Amino acid sequence: MSVMADKQEKPQDIFNFDYTHDGQERPPQEYYEQVKEKFASERDLRLDYRPPGTDNYTSNLTGDLAKYAVDPYGHEVEDREALNDSVEVLFIGGGFSALLTSARLREKGVESIRIVERGADVGGTWYWNRYPGVACDVVAYDYLPLLDETGYVPSRHYAGGQEIYEYCKMIAERFDLYDLAVFGTTVISTLWDEESETWIVETDQGDRISARFVVCANGTLSKPRLAKIEGVEQFAGHSFHTSRWDYQYTGSNLENLRDKRVGIIGTGASAVQAIPELGKMAKELYVFQRTPSSIDVRDDWETDPEWAATLEPGWQAERRSRAIEGPRVSDAVKARRAAMSQEEKVRRQENANIDAMMRIHNRIDEVVENPATAQSLKPWYMLMCKRPCFHNDYLPTFNRPNVTLVDTEGQGITQINANGPVFDGVEYEVDVLIYATGFEVQQTGIYNQIIGEGGLDLNAKYSDGIRTLLGIHSQGYPNLFIMGGYQAFFAFNLTDVLNSQGEHIAECIDFVRQNNIHSLDCTHQAEEQWVQEVIDHRGKTNRNRDCTPGYYNFEGADNRRQDGNYNGTMKQYLGHMSEIRENMADHFVFTHR
Ligand code: NDP
């Protein structure tokens, strides 16, 4: 096998530090302690500037802000009559969650499936995010799901957004999901009708659809948010959010920006991909940074056709199980781990993490010519406190004469005038301002009120903390399934989680159909046990407290113990799923009609 093909064989594993191997060349421990102190002071600086938690953002994009949510690609949606009918399974959202689960349901013979989607097509995140440079940082052979079923082989090691979007449409065609789908449609209420024991789903297009099963497939990061900045509405130039890219304004190749001064607020994963493209075309580009992302090398290549030709159906499933098993650990490493105290393990893991971050710092010094800019681009936090980024053109972009990094040193932009953002008394005049300020995070029923048994709103149920079984079922909401929400495992490769949730949901629906059951609802006890399991695992690390604020740690807010992801391993999560499915009657109550 060629070197390239050999590389392609390996599932992605970017955070595998062998912390048991403490090389002689390491600096003394005091050095690591000093770095940790610097991490803590940078975090505290940011927390001091911000209102608590997510209060420094708004996703209430109404009134003057409504334009930031408008679908710029949605002109394809045709007017249609309101629906008043019934389906067996209704998906709220048409991204990978719906596509994956539908594929599994089709395998089980489920015919009546309707996707209700806000966008004008399927694809979810890949429908909305079309900003220049958009791509996925998870290896395409792992990220693109259903490759065994579709026979598709991604064209590159890291697929671009357009390819992934096209692939989503291919899945929808392949599994006949367009037939009943409705687009340009937002679900506004999902109500459990106790008499008929069905869900009544209403939309902003006047539809009233009854469904036996509802799957909340609305995505983990789907509602754009803006930073709350004084004067946002005063800005006289053009502006938009990265997930609503205005190509009419910029031109399809950004050619209209050649005579424009462009500002971009935010330097998260979206901005890191868009900035190199903007830097190439804009007359001037101002990047307003609050916290730098960590930027590592992007090891990308075109798929080797020889390797692709060797792939037999089942190759992706096999690759996935290898990834879930994790890297093989030698007996020597196992023995070293076993001999270590927990404290020692944590110390070594932290040191290895700091080494990785300092390698990222060194690369910045090598690439970025201006020493002050290089300094500003250095992230001072542990790797994985924020989504790590991989890009080969991002750092060199700051060597361009037309590009200026405005380092707000943790404070962020707090004021925007008619002419543009202001920082430290300087007004940065721009023609167009792009908000790369991210999304609401993992909120179930994000545009939608979900009312279960006894008229209880799901948000009201969650008011003392989220309560689910596996992050998928919530007691009092029969035949309703949640995907990509809290209390589920969260992986760097999100489609892995969605795939396992899709398999689980399809198995549950099949169980109901095969056993003459009408509805299933998890028991209070099963839910309680899962909440406890989530709490037990969340106590394992101090990451939430120690990390710089960002959406991974609720922007630094104290959160209730169970309101996050399940911090066991993927393998443990899958184990719990199988155990629950093997003993359905222990975890669910059923109704029959
Ligand atoms: P993020 O939430 O990650 O980033 C928001 C950015 O806005 C942060 O840099 C934040 O700074 C900054 N910000 C907020 N307020 C201000 C302010 N007042 N002034 C200046 N800056 C401000 O959103 P993204 O859209 O970048 O990414 C969201 C997620 O989407 C990613 O984490 C990833 O999961 C996914 N994604 C994946 C990609 C990939 O595979 N490569 C590409 C794009 C997105 P601060 O850090 O200080 O809070």
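The structure this text deals with has already been given above.
Because the structure is predicted, anything quoted here is derived from the model rather than measured. (Residues numbered from 1 in each chain as written. Predicted model: local features only at pLDDT ≥ 70, side-chain atom pairs only at ≥ 80, totals over all residues. Heavy atoms only, no water.)

Caption draft 1: Examining unusual backbone geometry more closely. Phi is positive for Leu-254, close to 65 degrees, though the residue is something other than glycine. The phi dihedral of Glu-555 is positive, around 55 degrees, even though this residue is not glycine. Looking at where Glu-555 falls in the secondary structure, it is placed in the loop between α19 (543-546) and α20 (570-582). (Helix = DSSP H or I, 4+ residues; strand = E, 2+ residues; numbered from the N terminus.)

Caption draft 2: Geometry of the pattern of salt bridges. This model, assessed by the stated rule, comprises 37 salt bridges. Here Arg-50 ties to Glu-555 by a salt bridge, and the two come within 2.9 Å at their closest N and O atoms. A residue pair is termed long-range when its members are at least 10 positions apart, and Arg-50 in the loop between α2 (29-49) and β1 (57-58) and Glu-555 in the loop between α19 and α20 qualify at 505 residues. By relative accessible area, which is 10% here, Arg-50 ends up buried. A residue is classified by how much of its surface remains accessible, and Glu-555, at 2% relative accessible area, is buried. Here Glu-527 makes a salt bridge to Arg-467, at a shortest N to O gap of 3.1 Å. Of this pair, Glu-527 sits in helix α18 (residues 524-538) while Arg-467 sits in the loop between α16 (458-461) and β19 (480-482), and the two are 60 residues apart along the sequence. The exposure class of Arg-467 is buried, given its relative accessible area of 17%. Taken together, the shared-partner salt bridges in this structure form one network comprising Arg-104, Glu-107, Glu-149 and Glu-503. (Salt bridge = Lys/Arg side-chain N within 4 Å of Asp/Glu carboxyl O. Buried < 20%, exposed > 50% of the residue type's maximum accessible area, 1.4 Å probe, protein only.)

Caption draft 3: Here's a closer look at the site of the ligand. Neighbouring the ligand are 29 residues; Arg-50, Ser-270, Thr-291, Lys-386 and Tyr-551 lie closest to it. Within the contact set of the ligand, a nitrogen atom lies 3.0 Å away from a side-chain nitrogen or oxygen of Gln-273. Ile-413 has a polar backbone atom sitting 2.9 Å from a nitrogen atom of the ligand. The biggest single contributor to the shell around the ligand is helix α9 (residues 269-281), with 3 residues. For the shell around the ligand, the per-class residue count stands at 14 nonpolar, 9 polar and 6 charged. (Near = heavy atom within 4 Å. Polar contact = N/O pair within 3.5 Å; in protein donor to acceptor, adjacent residues only side chain to side chain. Nonpolar A, V, L, I, M, F, W, Y, C, P; charged D, E, K, R; others polar.)

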